[in-house]
Amino acid sequence: MTWAIDSPALQELMLRALLEARRAFDQGEVPAGAVVADAQGHFLASGRNQVIKLSDPTAHAEILALRAAAGLMKNYRLSGLVLVSTIEPCPMCLMAAIHARVDYVFYGAPEPKWGAAHSHLNLHEKAWLNHHPQVQGGLMANHCAGLIKEFFKAKRIKA
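Residues numbered from 1 in each chain as written. Predicted model: local features only at pLDDT ≥ 70, side-chain atom pairs only at ≥ 80, totals over all residues. Heavy atoms only, no water.

### Overview of unusual backbone geometry
Then, in step 1: Phi at Ser55 is positive, roughly 50°, even though this residue is not glycine.
Then, in step 2: Residue position: Ser55 is located in the loop between β2 (43-48) and α2 (61-73).
Then, in step 3: Here the phi dihedral of Met140 falls at roughly 50°; this positive angle occurs in a residue that is not glycine.
Then, in step 4: Within the fold, Met140 resides in the loop between β5 (134-136) and α4 (141-158). (Helix = DSSP H or I, 4+ residues; strand = E, 2+ residues; numbered from the N terminus.)

### Details of the nonpolar core
Then, in step 1: Core analysis: the biggest nonpolar cluster contains 48 residues, and Met14, Leu78, Val84, Leu94 and Phe106 have the highest contact counts within it.
Then, in step 2: Listing elements by their share of this core, those giving two or more residues are α1 (8-26), β1 (33-37), α2, β3 (82-87), α3 (91-100), β4 (104-109) and α4.
Then, in step 3: The biggest single contributor to this core is α1, with 7 residues.
Then, in step 4: With residues near it in sequence (within four places) discarded, Val84 still touches Leu10, Leu13, Met14, Ala17, Gly33, Ala34, Val35, Phe106 and Leu139. (Core = buried A, V, L, I, M, F, W, Y, C linked by side-chain atoms within 4.5 Å. Buried < 20%, exposed > 50% of the residue type's maximum accessible area, 1.4 Å probe, protein only. Contact = heavy atoms within 4.5 Å.)

### Structural notes on the packing of aromatic side chains
Then, in step 1: All told, the structure shown has 5 aromatic pairs when counted by the stated rule.
Then, in step 2: Ring geometry for Phe25 and Phe151: centres 5.4 Å apart, planes at 70°, overall edge-to-face. Of this pair, Phe25 sits in helix α1 while Phe151 sits in helix α4; the two residues are 126 residues apart in sequence, bridging distant segments of the chain. Taken individually, Phe25 and Phe151 each receive the classification buried, so the pair is uniform in this respect.
Then, in step 3: Taken together, a centroid distance of 5.0 Å and an interplanar angle of 85° make the contact between Phe151 and Phe152 edge-to-face.
Then, in step 4: Assessed through its relative accessible area of 36%, Phe152 is described here as partly exposed.
Then, in step 5: Positioned above the aromatic ring of Phe43, the side-chain terminus of Arg16 is 4.0 Å from the ring centre.
Then, in step 6: Seen from the ring of Phe25, Arg22 lies directly overhead, with NZ or CZ sitting 4.5 Å from the centre. (Phe/Tyr/Trp six-rings, centres within 6.5 Å; stacked < 30°, edge-to-face > 60°. Lys NZ or Arg CZ within 6 Å of the ring centre and 35° of its normal.)

### Quick notes on the environment of Ala32
Then, in step 1: Position of Ala32 among the secondary structure elements: in the loop between α1 and β1.
Then, in step 2: Looking at Ala32, the relative accessible area reads 5%, which means it is buried.
Then, in step 3: For the pair formed by Ala32 and Gly138, sequence separation is 106 residues and the distance between their alpha carbons is 15 Å.
Then, in step 4: Look past the residues within four positions of Ala32 in its chain and what remains in contact with it is Glu20, Ala21, Ala24, Gly47, Arg48, Asn49, Ala61, Thr86 and Ile87.

### Notes on the sheet that holds β2
Then, in step 1: If you trace the 5 strands from one edge of the open sheet to the other, you get β2-β1-β3-β4-β5, paired in mixed fashion. Single-partner strands in this sheet number two, and they are β2 and β5. Adjacent strand axes in the sheet meet at a mean angle of 15°, parallel and antiparallel pairs treated alike.
Then, in step 2: Sheet analysis places β1 next to β3, joined by 4 bridges and oriented antiparallel. Pairing of Val35 across the sheet is with Val84, part of β3.
Then, in step 3: Contacts from α1 reach β1, β2, β3 and β4, with the element oriented near 50° to β3. (Pairing = 2+ DSSP bridges. Axes fitted to C-alpha atoms, helices over the stretch in contact; angles between N-to-C directions.)

Below you can see the structure in the form of structure tokens.
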């Protein structure tokens, strides 16, 4: 499949990721969600931030979605697959996607503090890496950013 940022298949995947992000929000976690799909856009696995619930600093949405997909595929290599995240992946999450050999990473909102795809590092473009997924942001960015803003606004009001 040729992936276009405005394709119905990608938007459907992002809607699933946004549902996961909402679940994280409702559990008091930073609202990030991620899904993994096959090359035809069929949903395989999902994850949401659970760092607090699991007492695990690596329990980011992307990591949990990649782990679930690897378990389903019974392979740590996820060649041909697509990772969709509501927020620009951090260095840990983008490197996990690179190590897993996913072909595409799409994300919604930029992450100005920790974003490793375009905000700071362009990590996926480093010449020393042996795998370079295609990475694109902006997929339903307003929806994704809105959820994050809502979460942190509520946090400030409680404080």
